[in-house]
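Chain by chain, the residues:
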Amino acid sequence: MPTKSKLYRKEMIYGYLFLAPPVIGMLLFTLYPMLYSIYGSFTDWDGLGQMNFIGLDNYKDLFSDELFHKAMFNTFFMMIGIPIGLVLALLLAMGLNRGIPGTTTFRVIYYVPVISSLAAISILWQWAYNGDYGLVNQFLDLFGIKGPNWLANKHTVKPAIMIMAIWKGLGYSMLLYLAALQSVSRSYYEAAELDGANGFQTFRAITWPMVKPVTFFIVVTSIIGGSQIFTEINIMTSTGGPEYSSASAVFYMWQKAFGNFQLGYSSAMAVLLALFIFIVTLVQFKFNEKSSGDLD
Amino acid sequence: MAKNKYLISILALIIVFAGVLAGCGSSSKDDSKSDSANSGAKSGETKNLTFMFRGGPDEQKAYTAVIKKFEEDHPGVKVKIVTTTADQYATKLKASIAGHSVPDVFYYDPGDLRAYVNSGVLADITQYVEKSSIDINNIWPYGVNFYRYDGSVTGQGNIYGLPKDVGPFALGYNKTMFEKAGIALPDKDKPYTWDEFIKVNQELTKDTNGDGKIDQFGTGFNVNWMLQSFVWSNGADWLDSTKTKVTIDDPKFAEALQYFADMQNVYHITPSVQEAQTLDTYQRWMKGEMAFFPVGPWDMSTYEKLPFEYDLIPMPAGSTGKPATWLGSLGIGVSADSKYQSDAAELVMYLTASKEGMEQLVAAKVQIPNLIDMAKTWAADTSTKPANKEEFLQVVNEYGRPIPGTQTYNAEWYNLFFTDIQPVIDGKVTAADYVKSEQPKMQKLLDKAIEQEQKSKK
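Residues numbered from 1 in each chain as written. Chains lettered and ligands numbered in written order. Predicted model: local features only at pLDDT ≥ 70, side-chain atom pairs only at ≥ 80, totals over all residues. Heavy atoms only, no water.

Let's talk about the overall build of chain A
Test applied: Strands here are runs of E lasting at least two residues and helices are runs of H or I lasting at least four, both read from the DSSP assignment and numbered beginning at the N terminus. In this description the radius of gyration comes from C-alpha coordinates, and the expected globular size is given by 2.2 Å times residues to the power 0.38. The rule is simple: take the accessible area with a 1.4 Å probe, protein chains only, and divide by the maximum for that residue type; under 20% is buried, over 50% is exposed, in between is partly exposed. Per-residue accessibility takes into account occlusion by the displayed protein chains alone, with areas from the Shrake-Rupley method and a 1.4 Å probe. Counting rule for charge: Lys and Arg are taken as positive, Asp and Glu as negative, and neither His nor the chain ends is counted. Lys charges are placed at NZ, Arg charges at CZ, Asp charges at CG and Glu charges at CD.
Within chain A one finds 14 helices and zero strands. N-terminal to C-terminal, the α/β element order of chain A is α-α-α-α-α-α-α-α-α-α-α-α-α-α. Expected size for 296 residues packed as a compact globule is a radius of gyration near 19 Å; at 24 Å, chain A overshoots this value by more than 25%. When the backbone C-alpha atoms are referred to their principal axes, chain A occupies close to 80 × 70 × 35 Å. Within chain A, buried positions represent 43% of all 296 residues. Of the roughly 16,400 Å² of accessible surface on chain A, 70% is carried by carbon and sulfur atoms. Each charge class in chain A was averaged separately, 18 positive and 17 negative side chains, and the resulting centres sit 8 Å apart.

Written out as structure tokens, the structure reads:
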């Protein structure tokens, strides 16, 4: 073992010292609660005191819990917004990348929702969706369309929340795409032009593969975020919507845990949701590995 | 060497983790140390209490003022106030319980009483109440009974808190609108029958400016808060007397629910279909476009500024011929872990049962008096709005009932009823079909709640 200089060791210690706060934070506020929750999912923990080991009972109950199935379905359903948001963001980014006047202004406009508080936005949209006085219906009224009472109708409540989520996330995805587009070397496009490629071919063979890592990143983070959707639902439809049509998995978990003293049961749901996210992400990584490197 | 580096980082992780655990351990040791130090505290030392509550801006202001007064009257006691919005309160309280840092004094929903007592969260304050100068018989018995529990039944036994207030839900009407329409004012002592109620509403539902759109409505009730009145006054209920069976499949229940839905779908005395969201109807009432709307004591400060005169009447009466409504309450309890239980109990009594405290809260128009003698004087004064405050007292004394969901270990079964109800309100499903299909689902959840309660007692 080669001896190291004093300086080297000193730097190493400093290095670990700098690492310590986030690591401690992770252990204390993420890993410990997570492990505790996994343990809790095998108990009848009520959040007050009692915590008896009951094996897999919670998981068994989940299989026949209609509301849980409904909440999971709603959560998946609202993820339909992810590809829509993706396409819109890419289109916007490509538009803004052409150097049209006012690019900065548009970027700011699209980015404002991203930095706004989700709770505040939810309240604003709740008003906008109001059946009587809401902006959305007033706007539709201009075209002679009588809009529904968005949040009180079980068929429109999920699309309504999706639209809001897309609007809120658009700026973020757009900015990522814009950065990716700007880093694509001009020479590819010039070569394509010389070869006589049309716009669509250029997009399919150059732009799309070049921004693929960003697409991958956005899809992964959106699915993780989408699985955990809660605030919008809690604020806009505080009872989970008509016939529980907008309740998400996390919303149901929260109701069970903090409304009905069933923290153990909620933990079981949380574990299942985490497993789901984990598997989906894993599949995506595998898929990405396989199909990456198209351009080489 | 690479291997070595890897080893070091693992070592570092272990050390960090051990440090974290040690940190936790030592901090709890410190706590117990300070515990013993405080219990032997001299009288000169400041006692710090934490009080957690919720409420609108008016209410927060009123309570903060009363607490300031309490601190003046009790030198050596400092109260730290923690407030949250109404919808975040339950989450925050339950998180604090799970984290073993329960505030010394806090609001809690009477529905949670059994869970909190069974698991040792709430302190028994009977001895403090008995020793104190307050006269428990001068507080609404109905309100106090909410917070008594003998280990199996609520309503009797030891006291685990006192009512912050009692919240009678009465019916308000727009007096100005009646006078303009030349319709006889409702009788404050004789409730409308259901038929009469529809009739008067139909007379008041009209297009006042001739643009072809209805802009004045009879009413627009939120099913979550108004259905109880119709069900009960028709002789039905959600639960049987043993609180173990869901009884919504009673035909009288279905009749009341159908009547409620028909107000919108058949009689058209409310704003159009799918507008059960209160925001709309509440705004219409505030603008003077609605004849009837429910009024709770907490509304009084806001309704002061209404652009019309309003007053209170009993809820319309169904087949029993008697009005019915619910009477809510919110309790103030003391944490079983509080270091200063007697001072904490003192604060509870100051807020709920002292003349000084109550006078300030009533003056702020955020609640009706808890003290019976004070309430009588308060109601007798008909010069302040609403004139018929007596109606509130009648609800408290005579015909108010607790919300069924608060009568069981948790309210999951009860909430399901309202989660699924929209199709009935929209007129797509009949009440009779709905109660039949919903009863088994609710019963299943109620059985689960009962089972949970049994477990929590062990």
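As for the UniProt feature "domain: ABC transmembrane type-1" (unreviewed entry) in chain A
Quick reminder of the rule: UniProt positions are given in the numbering used here, feature names are shortened, and annotations may be inferred rather than shown by experiment.
UniProt feature "domain: ABC transmembrane type-1" (unreviewed entry): in the numbering of this structure it lies at residues 67–284 of chain A. Its end C-alpha atoms 28 Å apart, residues 67–284 of chain A is made of 74% helix and 0% strand.

Quick word on the domain arrangement of chain B
All names here are of chain B. Which entries qualify depends on this criterion: As annotated, the domain borders come from an automatic or database domain assignment. The contact criterion used is simple: two residues touch if any of their non-hydrogen atoms lie within 4.5 Å. Each of two parts loses accessible area, computed with a 1.4 Å probe, when they are put together; buried area is these two losses added. Whenever Lys or Arg places a side-chain nitrogen within 4 Å of a carboxyl oxygen from Asp or Glu, that contact is recorded as a salt bridge.
We note that the domain assignment places domain 1 (45–167 + 329–380) and domain 2 (170–327 + 388–457) within chain B. Between domain 1 and domain 2, the C-alpha centre-to-centre distance is 29 Å. Each partner contributes residues to the interface: domain 1 has 25 residues there, and domain 2 has 23 residues. Counting the surface lost from both domain 1 and domain 2, the interface buries some 2,100 Å², and carbon and sulfur atoms represent 60% of this. When the buried surface of domain 1 facing domain 2 is broken down by residue, Tyr142, Gly167 and Lys365 rank first, second and third, together holding 28% of it. Its salt-bridge partner being Arg114, residue Glu453 comes within 3.6 Å of it at the nearest N-O pair.

A few points about the packing of aromatic side chains
The test is simple: Whether two aromatic rings pair depends on their centres lying within 6.5 Å, for rings of Phe, Tyr and Trp, where Trp uses its six-membered ring; planes under 30 degrees apart make the pair stacked, over 60 edge-to-face, and the rest tilted. Distance and angle both matter: a charge sits over a ring if NZ of Lys or CZ of Arg is within 6 Å of the ring centre and within 35 degrees of the ring normal.
Enumeration over the complete set of coordinates arrives at 63 aromatic pairs over all chains. With a centroid separation of 5.0 Å and 55° between ring planes, the pair formed by Phe76 of chain A and Phe276 of chain A is classed as tilted. Taken together, the residues span a long stretch of sequence, with Phe76 of chain A in helix H3 (residues 66–78) and Phe276 of chain A in helix H14 (residues 263–291) at a distance of 200 residues. Take Phe276 of chain A: its relative accessible area is 23%, and that puts it in the partly exposed class. A ring pair is formed by Tyr142 of chain B and Phe146 of chain B, whose centres lie 5.3 Å apart and whose planes are at 90°; its orientation type is edge-to-face. For Phe146 of chain B, a relative accessible area of 11% puts it in the buried group. An aromatic cluster is defined as three or more aromatic residues linked by ring pairs; in this entry it consists of Tyr173, Phe178, Tyr192, Trp194, Phe197, Phe221, Phe230, Tyr259, Phe260 and Phe292 of chain B. Positioned over the ring face of Trp378 of chain B is Lys389 of chain B, at 5.8 Å from the centre of the ring.

Some details on the pattern of salt bridges
Residues and elements named next belong to chain B. Inspection of every chain in the model, using the stated rule, returns 16 salt bridges over all chains. Asp189 is the partner of Lys188 in a salt bridge, and the nearest nitrogen-oxygen pair spans 3.8 Å. When its relative accessible area of 41% is taken as the criterion, Lys188 is described as partly exposed. Residue class for Asp189 comes out exposed when judged on its relative accessible area of 54%. Between Lys355 and Glu359 there is a salt bridge, with the nearest N and O atoms lying 3.3 Å from each other. Residue Lys355 and its partner Glu359 are located together in helix H14 (residues 355–363), separated by four residues, close to a single helical turn. Glu359 sits in the partly exposed class, given a relative accessible area of 42%. Each of Glu59, Lys164 and Asp165 takes part in salt bridges that share partners, so that together they form one network.

As for the sheet that holds strand E8 (residues 292–295) of chain B
All names here are of chain B. Put simply, the rule is: Between any two strands, at least two bridges found by DSSP are needed for them to pair. Between N-to-C directions, angles span 0 to 180 degrees; the directions come from axes that are lines fitted to C-alpha atoms, helices contributing only their stretch in contact.
Taken in spatial order, the three strands make up an open sheet running E8-E7-E9, and their pairing is antiparallel. The two strands at the open ends of the sheet, each matched to only one other strand, are E8 and strand E9 (310–313). Averaged over all pairs of adjacent strands, the angle between strand axes in this sheet comes to 40°, irrespective of strand direction. Judged from the four bridges that link them, strand E7 (residues 170–174) and E8 form a sheet pairing that is antiparallel. Looking across to E8, one finds that Leu171 is bridged to Pro294.

Some remarks on the nonpolar core
Residues and elements named next belong to chain B. Rules: Think of a nonpolar core as a cluster: buried Ala, Val, Leu, Ile, Met, Phe, Trp, Tyr and Cys residues, connected wherever their side-chain atoms sit within 4.5 Å.
In terms of nonpolar packing, the biggest core is built from 89 residues, with Leu227, Trp238, Phe292 and Phe417 touching the most fellow members. Considering every element that reaches this core, the biggest residue donor is helix H10 (residues 251–265), with eight residues. Grouped together as the second largest cluster of nonpolar side chains are 84 residues, Ile67, Val105, Tyr160 and Ala345 included.

Some words on unusual backbone geometry
A cis geometry characterises the amide bond from Lys385 of chain B onward to Pro386 of chain B, with omega recorded as -15°. Relative to the assigned elements, Pro386 of chain B resides in the loop between helix H15 (372–380) and helix H16 (390–399). Phi at Phe261 of chain A takes a positive value of approximately 55°, unusual for a residue other than glycine. Tracing the backbone shows Phe261 of chain A in the loop between helix H13 (249–259) and H14. In the Ramachandran plot, Lys243 of chain B falls in the positive-phi region, its phi being about 60° despite a non-glycine side chain. Tracing the chain through its elements places Lys243 of chain B in the loop between helix H9 (223–233) and H10.

Regarding the domain arrangement of chain A
Bring the parts together and some accessible area is lost; that lost area is often taken as the interface size. All names here are of chain A. When its domains are assigned, chain A resolves into domain 1 (6–62) and domain 2 (67–291). A C-alpha centroid distance of 30 Å is found between domain 1 and domain 2. Each side of the interface is counted separately: domain 1 has 13 residues, and domain 2 has 13 residues. With both sides pooled, the region where domain 1 packs onto domain 2 buries about 1,100 Å², and carbon together with sulfur makes up 71% of that total. A per-residue breakdown of the area domain 1 buries against domain 2 is headed by Trp45, Tyr59 and Leu62, which together make up 51% of the total. Those elements giving two or more residues to the side of domain 1 that touches domain 2 turn out to be helix H1 (6–40) and helix H2 (57–63).

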